[in-house]
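Listed below, chain by chain, are the residues.
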Amino acid sequence: MEIARVFNNNLVLALDEAGREVILTGRGLGFQARPGQAVDPAKVVRTFVPADGRDPDHLAQLLSGIPPEHIQLVSSALAEVGLDAVGRNPSLVIALADHVSFALRRVAIGMELEYPLLAEVQHLYGEEYGQARALLAAINAHAEHPLPDVEAVGLALHLVNAGFATGDLSYTYRMTGVIQQMVAVIEQSFGLDLDSGGVSVGRFITHLRYLFVRISQHRQLSGEHSNIGVAIRSAYPGAANCARRLADLMELRLGSALTDDEISYLALHIARVTTDEPPLDAPS
């Protein structure tokens, strides 16, 4: 490979054998290097191939402040816990490496950080939280300063965020808040105390997460008042009314109006979660 641009001592933009622009990281990789020179493969720690039309310069700027050994630490940990597919997403690897690098610096100077979303992440994103705990254990097995267990929350949020079109973690935080509000509205509307760790609520949250993905990608379901939607609203009028309330909430919080079909399917999931749960005043 040939060096195209040097960003710093540890980061270069290069052209691979196929002429593609790739970002290379490695300790001393860019030291006294010049465009046109051959890359020393022995110094390459990680290769990033910009995807989906992403600007290589932008990715390089994000990477420039992360020590190469921290990037390698995260990459190796992802592979170790079986998250190889995640490791092929350059943006996510960069976000995770940046998070871990900053967390390691905090630990080294004795700075503690509390995550207020611990309970929410455990209940709303159980799968990602489990993956994050495994990832944290793999990182700590090789890190000079082990990270506290609470860092699994931050890692889990980055894993959740990988499913969205935006790379902005603030969308995931906003989504988490919206889910909590929606569950509260259902509980209030039907006089229920939903089990956030139950199967029914888990299915509902999964539906919401896919709905958020469709919203972020501007691909909502729309069948122009389909027959199925009409049937759902007719069969579950209470759930349909609640679904419209949730749709208004989502439009207010996310700035996107739901289509009639999305509201209908939301009503179907509300009906399912509410019929599986006993009311607050039900005998035990």
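Everything here concerns the structure above.
Residues numbered from 1 in each chain as written. Predicted model: local features only at pLDDT ≥ 70, side-chain atom pairs only at ≥ 80, totals over all residues. Heavy atoms only, no water.

Student: Is there a simple way to explain the packing of helix H7 (residues 151-161) against helix H8 (residues 169-190) in this structure?
Tutor: Each pair of packed helices gets described by two things: the angle between the helix axes and the distance between those axes. As a packed pair, H7 and H8 sit with axes 9 Å apart at the nearest point and diverge in direction by 100 degrees. It follows that H7 is roughly perpendicular to H8 by the angle criterion. The residues of H8 that touch H7, namely those facing Leu 157, His 158, Val 160 and Asn 161, are Leu 169, Thr 172, Tyr 173, Met 175 and Thr 176. Class assignment of the residues belonging to the contact of H7 with H8 gives a composition of 5 nonpolar, 4 polar and no charged. (Axes fitted to C-alpha atoms, helices over the stretch in contact; angles between N-to-C directions. Helix = DSSP H or I, 4+ residues; strand = E, 2+ residues; numbered from the N terminus. Parallel < 35°, antiparallel > 145°, perpendicular 65-115°, else oblique. Contact = heavy atoms within 4.5 Å. Nonpolar A, V, L, I, M, F, W, Y, C, P; charged D, E, K, R; others polar.)

Student: Explanation requested: helix H4 (residues 90-108) in the structure shown.
Tutor: Helical geometry: 3.6 residues make up each α-helical turn, so side chains three or four residues apart lie on a common side. Taking 1.5 Å of rise per residue, the 19 residues of H4 would be expected to cover 27 Å, and the 27 Å separating its terminal C-alpha atoms lies within 8% of that figure. Buried residues of H4: Pro 90, Leu 92, Val 93, Ile 94, Leu 96, Ala 97, His 99, Val 100, Ser 101, Ala 103, Leu 104 and Arg 106, and no others. Directly beyond the C-terminal end of H4, a positive phi value near 80 degrees is found at Gly 110. (Expected span 1.5 Å × (residues − 1). Buried < 20%, exposed > 50% of the residue type's maximum accessible area, 1.4 Å probe, protein only.)

Student: How do you make sense of the environment of Arg 203 when you look at a structure like this?
Tutor: Its place among the elements puts Arg 203 in helix H9 (residues 199-216). The exposure class assigned to Arg 203 is partly exposed, which follows from its relative accessible area of 29%. Placed 70 residues apart in sequence, Arg 203 and Val 273 show a C-alpha to C-alpha distance of 8.3 Å.

Student: Got a minute to help me understand the packing of aromatic side chains in this structure?
Tutor: Think of a pair of aromatic rings as described by two things: how far the centres are apart, and how the planes are tilted against each other in angle. Scanning the entire structure with this criterion turns up 0 aromatic pairs. When the ring centre of Phe 48 is taken as reference, the NZ or CZ atom of Arg 46 above it lies at 4.8 Å. (Phe/Tyr/Trp six-rings, centres within 6.5 Å; stacked < 30°, edge-to-face > 60°. Lys NZ or Arg CZ within 6 Å of the ring centre and 35° of its normal.)

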